[in-house]
Amino acid sequence: MQDLLTGIAFFLIIEGLVYALAPRFLVEMARLLPTVPERQLRIFGLGAVVLGVVLVWFVRR
């Protein structure tokens, strides 16, 4: 449970940094997002999930 809460805390820290340090970039990305094909978004999302799982596996091994 402690690891889950730590992961959520890190997620919130990273999200907060994006909003605090690069709000214009975030707004521009929000404008461009509807123009990206759904298939490309799914592939990118799945790639991020796979990369995250591999990193956790590598670190926790």
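Here the structure is a predicted model, which is why all the values come from computation and not from measurement.

### A few points about the overall build of the chain
Per the secondary structure count, the chain includes three helices and zero strands. Tracing the chain from N to C terminus, the helices and strands come up as α-α-α. In terms of overall size, the chain is more extended than a compact globule, its C-alpha atoms giving a radius of gyration of 15 Å where 61 residues would be expected to give roughly 10 Å. Its C-alpha atoms put the chain at 40 × 30 × 15 Å along the principal axes. Accessible surface, the chain as shown: approximately 6,000 Å² in total, 74% of it carbon and sulfur. Treating the 6 positive side-chain charges of the chain as one cloud and the 4 negative ones as another, the clouds have centres 5 Å apart.

### Regarding the pattern of salt bridges
Applying the stated criterion across every chain, the model contains three salt bridges. Arg-60 is the salt-bridge partner of Asp-3, the closest N and O atoms lying 3.0 Å from each other. Here Asp-3 is found in helix 1 (residues 2-21), whereas its partner Arg-60 is found in helix 3 (residues 38-60), with 57 residues between them in sequence.

### A short note on the layout of surface pockets
If you add up the space inside the largest pocket, you get close to 200 Å³. Broken down by secondary-structure element, the contributors of at least two residues to the lining of the largest pocket are helix 1 and helix 3. For the lining of the largest pocket, the element with the most residues is helix 1, which contributes six residues. Taken together, the residues of the lining of the largest pocket break down into four nonpolar, one polar and three charged.

### Structural notes on helix 1
End to end, helix 1 covers 28 Å across 20 residues, agreeing with the expected 28 Å (1.5 Å per residue, within 8%). Burial analysis of helix 1 places just zero of its 20 residues in the buried class, a small minority of the element.

### Looking at a nonpolar patch on the surface
A cluster of nonpolar residues, Met-1, Leu-4, Leu-5, Ile-8, Phe-11 and Leu-12, forms a patch on the protein surface that exposes about 680 Å² of accessible area. Residue position: Leu-5 is located in helix 1.

So, how was this worked out
Residues numbered from 1 in each chain as written. Predicted model: local features only at pLDDT ≥ 70, side-chain atom pairs only at ≥ 80, totals over all residues. Heavy atoms only, no water. Helix = DSSP H or I, 4+ residues; strand = E, 2+ residues; numbered from the N terminus. Rg over C-alpha atoms; globule rule 2.2 N^0.38 Å. Areas by Shrake-Rupley, 256 points an atom, 1.4 Å probe, with all protein chains shown as cover. Lys, Arg positive; Asp, Glu negative; His and termini not counted. Charge placed at Lys NZ, Arg CZ, Asp CG, Glu CD. Salt bridge = Lys/Arg side-chain N within 4 Å of Asp/Glu carboxyl O. 1 Å grid on protein atoms, 1.4 Å probe; cavity = no way out; pocket = protein on both sides within 12 Å on 5 of 7 lines; lining within 4 Å. Points joined across faces, edges and corners; volume = space filled by probe spheres on them. Nonpolar A, V, L, I, M, F, W, Y, C, P; charged D, E, K, R; others polar. Expected span 1.5 Å × (residues − 1). Buried < 20%, exposed > 50% of the residue type's maximum accessible area, 1.4 Å probe, protein only. Patch = residues over 30% accessible without salt bridge, like charges linked within 9 Å, V, L, I, M, F, W, Y side chains within 5 Å.

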